[in-house]
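Letter by letter, the chains look like this.
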Amino acid sequence: MRRETTSSIPRRSRVRALLVLWTCAICAGANAAPKGLDIYFLDVEGGAATLLVTSRGESLLIDSGWKRDDLRDAKRIHDAATRLAGLKQIDHYVTTHFHTDHFGSITQLVPLIPVIKFYDHALMQESQDYDKKLYPEYMKVAEGKRQILKAGETIPLKSGKTPLRVICVVSDGRPVLAPVGTGAGVNPFCDGAAAKEEDRSDNAKSIGLLISYGDFEFLNLGDLTWNVEHQLVCPDNLLGRVDLFMVTHHGSDTSNNPVLVKAVQPTVSIMCNGARKAGSLQSIALLKSLPSLKAAYQLHRNVQISEAENTDRRLIANWDEGCQGQFIKVSVSSNGHTYSVRIGEKGKPQQFHSE
Ligand SMILES: [Zn+2]
């Protein structure tokens with residue numbers, strides 16, 4: 001005899017109901033806050049735009065790529081923020097410095113998604129180097145919501161069980177005065193390190209941020225240049241070592257001073273270069289030479305150098321010059337102990353341990 005089920009609902013209906021629930025859970029999961037910390041390195045073709053989303057669903061956007069008539073970069077940021085991260089607003093937005101490739105699309109992004117708070121390095125004087133056309137437009141959209149961020153100050157993001165801290169390590173050419181992160185001690189690479197001619201551009205004034213989530217450390221220095229990089233790590237290394245390093249200034253060789261790159265000993269690097277912008281031979285070779293480095297990602301293949309001179313083919317998000325704007329995503333686990341890196345939505349994640 002057929003055994004009676006305990007439920008009065010027919011089996012087929014129950015299976016269907018479970019399937020619907022399961023599918024809904026997946027739909028919701030795609031747009032729910034991450035369990036840990038998610039970081040998207042968006043492709044803005046040789047500019048920079050980095051989006052962080054916390055487990056509380058709070059967000060921080062660092063730079064916003066170029067201004068274009070077709071709104072390419074504003075749309076790429078908006079798509080990542082809304083469709084991938086499920087955001088309704090950008091809580092904090094940082095302009096590292098006032099060059100077109102870093103704050104270009106912010107005035108185009110604001111009509112697409114609300115931006116609550118703006119941070120930058122200074123009130124600019126006419127004699128300084130900055131995008132004179134974009135700057136007044138930026139000041140208009142940021143009016144009443146803007147704050148000058150100084151070295152040593154933090155951007156408040158709510159933290160769950162795992163401590164999360166966003167600290168400004170350099171701003172307007174001035175580095176922090178005391179060690180941050182895991183920073184401490186004399187940097188052995190400073191002996192005999194050469195300086196370069198003083199950089200009077202706004203690159204040297206870039207805001208640099210160190211983001212700590214439990215044991216995980218992420219360093220983003222915008223387009224900071226050689227001599228100021230030196231000040232951050234000499235004679236003492238104020239930054240300590242980091243897990244993830246956004247290669248400075250798109251991988252230009254006027255930045256990425258070896259005294260800094262060697263001192264911070266990154267495990268993973270991500271370079272926001274363009275197909276024909278930066279991604280210099282020297283920077284790629286320096287990264288490859290680091291004993292600590294396990295994976296050197298590039299947003300683009302540098303088409304002006306050979307395949308062998310680029311990083312490993314599998315770590316390049318956009319191979320062809322006419323690309324689809326593939327991003328790189330870093331997902332840090334809820335306790336900060338591990339993180340994974342993958343290219344685009346479908347790339348195979350590579351796992352790493354926070355040091
Ligand atoms: Zn730049």
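These notes cover the structure that comes with them. (Residues numbered from 1 in each chain as written. Predicted model: local features only at pLDDT ≥ 70, side-chain atom pairs only at ≥ 80, totals over all residues. Heavy atoms only, no water.)

Turning our attention to helix α5 (residues 134–142). Along α5, the residues that are buried comprise L134, Y135, Y138 and A142. Angularly, the buried residues of α5 cover 95° about the axis, an arc narrow enough to put them on a single face. Those residues of α5 hidden inside the fold are in contact with β4 (90–94), α3 (100–103), α4 (106–109), β5 (115–120) and β6 (146–148). Note on α5: the residue one or two positions beyond its end, G144, has a positive phi of about 80°. (Buried < 20%, exposed > 50% of the residue type's maximum accessible area, 1.4 Å probe, protein only. Helix = DSSP H or I, 4+ residues; strand = E, 2+ residues; numbered from the N terminus. Arc of directions from axis to C-beta. Contact = heavy atoms within 4.5 Å.)

What follows deals with the state of the cysteines. Going through the model one piece at a time under the given rule, you end up with one disulfide. Residue pairing for C190: its cysteine sulfur links by disulfide to C234, the two sulfurs lying 2.0 Å apart. Linking C190 and C234, the disulfide has an S-S dihedral of approximately -95° and is accordingly described as left-handed. Here C190 is found in the loop between β9 (174–175) and β10 (208–213), whereas its partner C234 is found in the loop between α6 (226–233) and β12 (244–247), with 44 residues between them in sequence. Its relative accessible area of 14% is what places C190 among the buried residues. For C168, which is in no disulfide, the shortest distance to another cysteine sulfur is to C272 and amounts to 19 Å. The class for C168 is buried, based on a relative accessible area of 0%. Cysteine C323 is unpaired, with the sulfur of C272 as its nearest cysteine sulfur at 13 Å. (Disulfide = S-S within 2.5 Å.)

Here we take up the pairing of strand β11 (residues 216–220). Among the five residues of β11, five are classified as buried, and the element is accordingly described as predominantly covered. In the sheet, β10 pairs with β11 via five bridges, with the strands oriented antiparallel. Bridge pairing in β11 links L209 to N220. In this structure, the hairpin formed by β10 and β11 is closed by a connection of two residues, where G214 is found at a positive phi of approximately 60°. As defined by bridge partners, β11 adjoins β12 across three bridges and the pair is classed as parallel. The partner of N220 across the bridge, within β12, is M246. Between the parallel elements β11 and β12, the chain passes through α6 in a crossover that is right-handed. (Pairing = 2+ DSSP bridges. Right-handed = clockwise from strand over helix to strand, strands pointing away.)

Take the coordination of the zinc ion next. At 2.1 to 2.2 Å from the zinc ion lie its protein donor atoms, namely D101 (OD), H102 (NE2), D223 (OD) and H250 (NE2). Note that the zinc ion binds four donor atoms; their angles at the metal cover 81 to 156°, and the shape is irregular. Linear spacing of the donor residues for the zinc ion on their chain is D-H-x120-D-x26-H. Placement of the pair is D101 in helix α3 and D223 in the loop between β11 and α6, with a sequence separation of 122 residues. Its relative accessible area of 6% is what places D101 among the buried residues. Taking the relative accessible area as the measure of exposure, D223 reaches 3% and is therefore buried. (Donors = N, O, S within 2.8 Å, 3.2 Å for Na, K, Ca; no water. Tetrahedral: all angles 85-135°; square planar, octahedral: opposite > 155°, others 65-115°.)

In this structure, the amide linkage connecting C234 to the following residue, P235, adopts the cis form with an omega of 0°. Here P235 lies in the loop between α6 and β12. Positive phi values are uncommon outside glycine, yet E45 reaches one of about 50°. Here E45 shows up in the loop between β1 (37–41) and β2 (50–53).

This part covers empty space enclosed by the protein. Enumeration over the complete set of coordinates arrives at one cavity of 30 Å³ or more. Here the largest cavity is characterised by a volume of approximately 30 Å³. Lining the largest cavity are G36, L37, T54, S55, K158, S159, G160, T162, L164 and Y213. Tallied by class, the residues present in the lining of the largest cavity amount to three nonpolar, six polar and one charged. (1 Å grid on protein atoms, 1.4 Å probe; cavity = no way out; pocket = protein on both sides within 12 Å on 5 of 7 lines; lining within 4 Å. Points joined across faces, edges and corners; volume = space filled by probe spheres on them. Nonpolar A, V, L, I, M, F, W, Y, C, P; charged D, E, K, R; others polar.)

So, about the pattern of salt bridges. The tally for this structure, following the rule as stated, stands at 17 salt bridges. Taking the shortest distance from any N to any O, the salt bridge between R314 and D312 comes out at 2.6 Å. Each member of the salt-bridge network shares a partner with another, and the members are D43, E45 and R76. (Salt bridge = Lys/Arg side-chain N within 4 Å of Asp/Glu carboxyl O.)

The next thing to look at is the packing of aromatic side chains. Taken as a whole and judged by the stated rule, the model has eleven aromatic pairs. A centroid spacing of 5.8 Å and a plane angle of 75° characterise the contact between F103 and Y138, whose relative ring orientation is edge-to-face. Of the two residues, F103 is situated in helix α3 and Y138 in helix α5; the sequence distance between them amounts to 35 residues. Y138 matches F103 in its accessibility class, with the two residues each being buried. For the pair Y339 and F352, a centre-to-centre distance of 5.5 Å together with 25° between the ring planes defines the contact as stacked. You can see Y339 sitting in strand β17 (residues 338–343) and its partner F352 sitting in strand β18 (residues 350–353), a full 13 residues away along the chain. Each member of the pair, Y339 as well as F352, carries the same accessibility label: buried. In this structure, K196 is placed above the aromatic ring of W226, and the distance from its NZ or CZ to the ring centre is 4.2 Å. Here R301 stacks its cationic end above the ring of W319, 4.5 Å away from the centre of that ring. (Phe/Tyr/Trp six-rings, centres within 6.5 Å; stacked < 30°, edge-to-face > 60°. Lys NZ or Arg CZ within 6 Å of the ring centre and 35° of its normal.)

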